[in-house]
Amino acid sequence: MIRIFALNAYVRNLSRRWSLSSIVSAAVCVVWVGAVFAQNSPQPPPPATPLPQLIDITASTGIQFNHLSSPEQKYIVESMSGGVALIDYDRDGWPDIYFTNAQSVEMALADKKSRSALYHNNRDGTFTDVTDKAGVGYPCWANGAVVGDYNNDGWPDLLVTCLGGVVLYRNNGDGTFTDATKQAGLTGDSMWAAGATFGDYDGDGWADLFVSHYVAVDLHDLPAFGSAKTCKYHGIDVQCGPRGLKGSPDNLYHNNKDGTFSDVSKESGVDDPKKRFGLTAVWTDFNNDGDRKSVV
């Protein structure tokens, strides 16, 4: 069960009340300071500012999303999934929410899928499930999700990272999405894509895509619970990984400005030949030189 938290109303309204209270306090302070100097007495410490408080508002939002998971969690793929993305998919100025979901190994081997969900913001503190209408319910064994306008049409698109690659949903601008993975040239990724990020790394005005990958696994040949030295913790049998498993390389896709991408991982030097365990990535300009850097 997911939980939604909001700032306590007192804290949210503090800044609005502060403008009036600060005026009164300032006037009182002037008089008080004069009295302090006159009496040559020490000044008491100022009152402590209240810290922001978060309250659970899940029940009132109308969001009823449960992330599936195997209670036994015998395999690492069953404990490394679940993501969320904020996306104003209808451009009404209010953030909507997309939740990713994943199967258990047993479900996946039986070709049973789990349902991800898109919730529309009703602008009154509640949300409505619009998954079926939007067409984004069953992308894959989903991990994370990122938002970006890859085709520069002004509508935010959605990319889901999966155990077995990525799924790209193109926003049609009418409340629906189309699976554009194949058309975009992204079906070549069959690895465990744990995270991704859109960013214009070459400054041409088009969003490129970086995908980070985690460990190399095969659902038909998974290491058994407690079967090796790296599958034990202080003598207790645990799931295997990531230690003891092989990692996977990463991918950088250049936007071709025509709705497709080209893999430029090796030529750009970010393919990660050492195959480290990549979880997620962000673009940033940490030295303010105007060029984007990828941090994995």
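None of these values were measured; they are calculated from a predicted model.

Evaluated as defined, the whole model comprises 6 aromatic pairs. Plain terms: the ring middles of phenylalanine 99 and tyrosine 119 are 5.9 Å apart, the flat faces sit at 80 degrees to each other, and that makes the pair edge-to-face. You can see phenylalanine 99 sitting in strand β4 (residues 96–99) and its partner tyrosine 119 sitting in strand β5 (residues 117–121), a full 20 residues away along the chain. The burial state of phenylalanine 99 is the same as that of tyrosine 119; both residues are buried. Judged by centre distance (5.1 Å) and plane angle (85 degrees), the ring pair of tryptophan 192 and tyrosine 214 falls under edge-to-face. Here tyrosine 214 lies in the loop between β12 (208–213) and β13 (232–233) and tryptophan 192 lies in the loop between β10 (177–179) and β11 (193–199), a separation of 22 residues in the sequence. Here the two residues tryptophan 192 and tyrosine 214 agree in accessibility, since each one is buried. Site record: aromatic cluster; members linked through ring pairs are Phe65, Phe99 and Tyr119.

So, on to the pattern of salt bridges. Taken as a whole and judged by the stated rule, the model has 6 salt bridges. For arginine 123, the salt bridge goes to aspartate 92, with nearest N and O atoms at 3.4 Å. In this pair, arginine 123 sits in the loop between β5 and β6 (127–129) while aspartate 92 sits in the loop between β3 (84–87) and β4, placing the two residues 31 residues apart along the sequence. Given the relative accessible area of 18%, aspartate 92 is considered buried. Aspartate 204 is the salt-bridge partner of lysine 257, the closest N and O atoms lying 4.0 Å from each other. One end of the pair, lysine 257, is in the loop between β15 (251–255) and β16 (261–263); the other, aspartate 204, is in the loop between β11 and β12, with 53 residues separating them in the sequence. Judged by relative accessible area, which is 43%, lysine 257 ranks as partly exposed. Using a relative accessible area of 22% as the deciding quantity, one classes aspartate 204 as partly exposed.

Once that is clear, we can look at the sheet that holds strand β9 (residues 165–171). What links the strands of a sheet is backbone hydrogen bonding, and the strands pair in either a parallel or an antiparallel sense. Taken in spatial order, the 4 strands line up as β7-β8-β9-β10 in an open sheet, and their pairing is antiparallel. The open sheet has two edge strands with one neighbour each: β7 (142–148) and β10. Averaged over all neighbouring strand pairs, the angle between strand axes comes to 25 degrees, with direction disregarded. One ladder, built from 3 bridges, connects β9 with β10; its direction is antiparallel. Within β10, the position partnered with asparagine 171 by the bridge is phenylalanine 177.

This part takes up the nonpolar core. Among the nonpolar cores identified, the biggest contains 17 residues, and Tyr98, Leu118, Leu158, Val160, Tyr169 and Phe177 are the most heavily contacted of them. Elements supplying a minimum of two residues to this core: β3, β7, β8 (157–162) and β9. Counting residues per element, this core draws most heavily on β8, at 3 residues. Within the second largest apolar cluster, 16 residues are counted, among which are Val146, Tyr150, Ala180 and Ala193.

Cut-offs and rules
- Once a new chain begins, its residue numbering starts again from 1 and follows that chain's sequence as written.
- Since the coordinates come from a predicted model, pLDDT governs what is reported: local features require at least 70, and pairs of side-chain atoms require 80 or more to be given and counted, while whole-chain, interface and lining totals use all residues.
- Side-chain figures throughout are based on the complete set of non-hydrogen atoms in the structure, without hydrogens or water.
- Stacked, tilted and edge-to-face pairs are distinguished by plane angle, under 30 degrees for stacked and over 60 for edge-to-face with tilted covering the rest, among Phe, Tyr and Trp rings (Trp via its six-membered ring) whose centres lie within 6.5 Å.
- The way it works is that DSSP assigns letters per residue, a run of H or I at least four long becomes a helix, a run of E at least two long becomes a strand, and they are numbered from the N terminus.
- Only protein chains enter the area calculation, which uses a 1.4 Å probe; residues under 20% of their type maximum are buried, those over 50% are exposed, and those in between are partly exposed.
- Within this document, salt bridges are pairs made up of a side-chain nitrogen of Lys or Arg and a carboxyl oxygen of Asp or Glu, the two lying within 4 Å of each other.
- A pair of strands counts as paired when DSSP detects no fewer than two bridges linking them.
- Here an axis means a line fitted to C-alpha atoms, over the contact stretch when the element is a helix, while the angle between two N-to-C directions is reported on a 0 to 180 degree scale.
- As used in this record, nonpolar core signifies buried Ala, Val, Leu, Ile, Met, Phe, Trp, Tyr and Cys residues forming a set joined through side-chain atoms within 4.5 Å.

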